[in-house]
Amino acid sequence: MLEAHDLAAGFDGRTLFDGVTFALESGRIMGLCGASGAGKTTLGRVIAGLHRPSAGVVRIDGQQPASGKAQPVQYLHQSPLAAMNPRWKIRCILAEAGQPEAGLLTAFGVDAEWMGRFPHELSGGQLQRISILRALTANPRYLIADEITAPLDPVSQARIWHLLGQIARSKQIGILAISHDRALLDRICCQGRFELGQRGLIRHEAAGPVGVIDPDPAGRSARSAGRTAVRC
Amino acid sequence: MLTIRDLSVGFRRYRGLFRHEETSRLSGLNLTLDAGEVLAVIGGSGAGKSLLAHAILGLLPPNAVLRGKLAFRGQALNPVYPPALRGRKIALIPQQVSHLDPLARTGAQMSWAARRSGSAADTTARLAALGLPPQVAQLFPDQLSGGMARRVLLAMAEAGAPDLLIADEPTAGLDPENRDAVLRMLGEHARRGAGILLITHDLKSVLPIADRVAILDEGRMRGIEFPRNFTGRGAELTSSYARDLWRALPENGFLTDA
């Protein structure tokens, strides 16, 4: 269980949000939306330990993540190009996190020929798959997916989320999905969709079926139990 | 107004010291755009959307190889780009907000754009038309939100009342309210008689304002559709690729029914 308690953060003395409290369970996907500039990315970075909050704590199974080790919360950047060294080839970029599992390489459709290329020589969808693969190789407990499919076409977007949904379930990884696209969040998030405002999170009920990429009926019943446990 | 016949764009690069190879990025593209029309060009990243915009503007890098015919109001745009067209008759709304000068105030940049295209620089009126308060003229680009910056870029591109406006991902990174505001402004510009080439990856958002939707995938045109046919299960769509895109949207099948 990842718990955020009463988080506040901002820049240069200006507070973007405060009083953000939520709990994300392993193997679940939780959606986060909000207006431009509300601080969605900053909240994601706070949870991944990349930005220091001005108040509040993040705990994983009751403990604060230790620094200096592989982070249990991995942050996936909206533009994977911005999270990679442009002078490194894909082989080096992946090796940064260790040796990816062969099964994952196949699942993500990674072509062996890509290894000798530079990041700018892959398309956006291909590069985002490499970025997710690298994050998964670090054996994270949680992922922050910050608009990871925003620049992709609908088919590539759906493929990536189906794959991530399966991996989240099989490896019991919790995902915080950040997006402007409410329909996407309602589709992928079995733990519901939340909106970030200045005074914390507001929970929204989805209009249609929620989290239909999770076809596991056992998970579904556990999920409805889990949903009531969410605090916001 | 704009006619594109059998357009191909490739890049030449060196392989070793003496040999070079050509990689193709756009091939066999045919498009027409009429005055008063909004033509949306949809494609994922790497489909060649921005390349198409740069080809129409004559802004391809020196190692690009362009084949086929490009014409604007009967005037050929290749191999030699005609002078006094770009920025006056044909304008671009760039994808990145970083196209603004970081060291100049918004108002100054808007009046420079107006002066360059030979029209009056009434910055306050222009800002009001975009729904922005007059104080915005005093701000520097880094003080603008994404939605405000996009409207300023739109105002600068529209300053000279261009006949053809190319909008390259004008809504990327905007929240739904700002996105719809920008699209509405483009639609209004078309009603005043301009042709709009709206390049985007966001199929759903352009359907209310587009007259036709061209679908680009890996440098090839995969069909031109009417927005009204993007409905239900997409049975009316003429290309199977357009149908796949439509059904993969989260509101529709999201590939769960594929």
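Owing to the predicted nature of the structure, the values given are computational and were not obtained by experimental measurement. (Residues numbered from 1 in each chain as written. Chains lettered and ligands numbered in written order. Predicted model: local features only at pLDDT ≥ 70, side-chain atom pairs only at ≥ 80, totals over all residues. Heavy atoms only, no water.)

Trainee: Can you tell me about the sheet that holds strand 5 (residues 75-76) of chain B, naming the residues and giving the values?
Mentor: Residues and elements named next belong to chain B. Taken in spatial order, the 4 strands line up as 2-1-4-5 in an open sheet, and their pairing is antiparallel. Strands at the two margins of the open sheet, each flanked by one partner only, are strand 2 (19-33) and strand 5. Both strand 4 (residues 64-72) and strand 5 contribute to a ladder of 2 bridges, which runs antiparallel. Note that in strand 5 the partner of Ala71 across the bridge is Ala76. (Pairing = 2+ DSSP bridges. Helix = DSSP H or I, 4+ residues; strand = E, 2+ residues; numbered from the N terminus.)

Trainee: Hey, could you go over the side chain of Ser27 of chain B for me, with residue numbers and the actual values?
Mentor: With respect to the helices and strands, Ser27 of chain B occurs in strand 2. With sequence-adjacent residues up to four places away left out, Ser27 of chain B is seen in contact with Leu7, Ser8, Gly219 and Arg220 of chain B. (Contact = heavy atoms within 4.5 Å.)

Trainee: Got a sec to walk through empty space enclosed by the protein? Specific residues and values, please.
Mentor: Residue and element names in this part refer to chain A. Scanning the entire structure with this criterion turns up 2 cavities of 30 Å³ or more. Taken as a whole, the largest cavity encloses approximately 40 Å³ of empty space. If you trace the largest cavity, you find it lined by Ala145, Glu147, Ile148, Thr149, Trp161, Ala177, Ile178, Ser179, Leu184 and Leu185. Of all the secondary-structure elements, those providing two or more residues to the lining of the largest cavity are strand 7 (174-178) and helix 6 (182-188). Each residue belonging to the lining of the largest cavity can be placed in one class, and the counts come to 7 nonpolar, 2 polar and 1 charged. (1 Å grid on protein atoms, 1.4 Å probe; cavity = no way out; pocket = protein on both sides within 12 Å on 5 of 7 lines; lining within 4 Å. Points joined across faces, edges and corners; volume = space filled by probe spheres on them. Nonpolar A, V, L, I, M, F, W, Y, C, P; charged D, E, K, R; others polar.)

Trainee: Residue-level account of the interface of chain B and chain A, with values.
Mentor: Across the contact, 21 residues belong to chain B and 25 residues belong to chain A. For the chain B and chain A pair, buried surface summed over both sides reaches about 1800 Å², with 60% attributable to carbon and sulfur atoms. It is Ser45, Pro250 and Phe254 of chain B in chain B that bury the most area against chain A; as a group they hold 31% of the surface buried on that side. Between chain B and chain A we count 1 salt bridge in total. (Buried area = accessible area lost by both parts, 1.4 Å probe. Salt bridge = Lys/Arg side-chain N within 4 Å of Asp/Glu carboxyl O.)

Trainee: Pulling in residues and values, what's your account of the pattern of salt bridges?
Mentor: Applying the stated rule across the entire model yields 17 salt bridges over all chains. For Arg117 of chain A, the salt bridge goes to Glu113 of chain A, with nearest N and O atoms at 2.8 Å. With a closest N to O distance of 3.5 Å, Arg73 of chain B and Asp163 of chain B form a salt bridge. Of this pair, Arg73 of chain B sits in the loop between strand 4 and strand 5 while Asp163 of chain B sits in the loop between helix 4 (146-158) and strand 7 (164-168); the two residues are 90 residues apart in sequence, bridging distant segments of the chain. The exposure class assigned to Arg73 of chain B is exposed, which follows from its relative accessible area of 51%. Taking relative accessible area as the criterion, Asp163 of chain B reaches 18% and is therefore assigned buried. If you follow the salt bridges from partner to partner, you end up with Asp181 of chain A together with Lys204 and Glu251 of chain B in one network. (Buried < 20%, exposed > 50% of the residue type's maximum accessible area, 1.4 Å probe, protein only.)

By themselves, these are just geometric observations and shouldn't be taken as functional.
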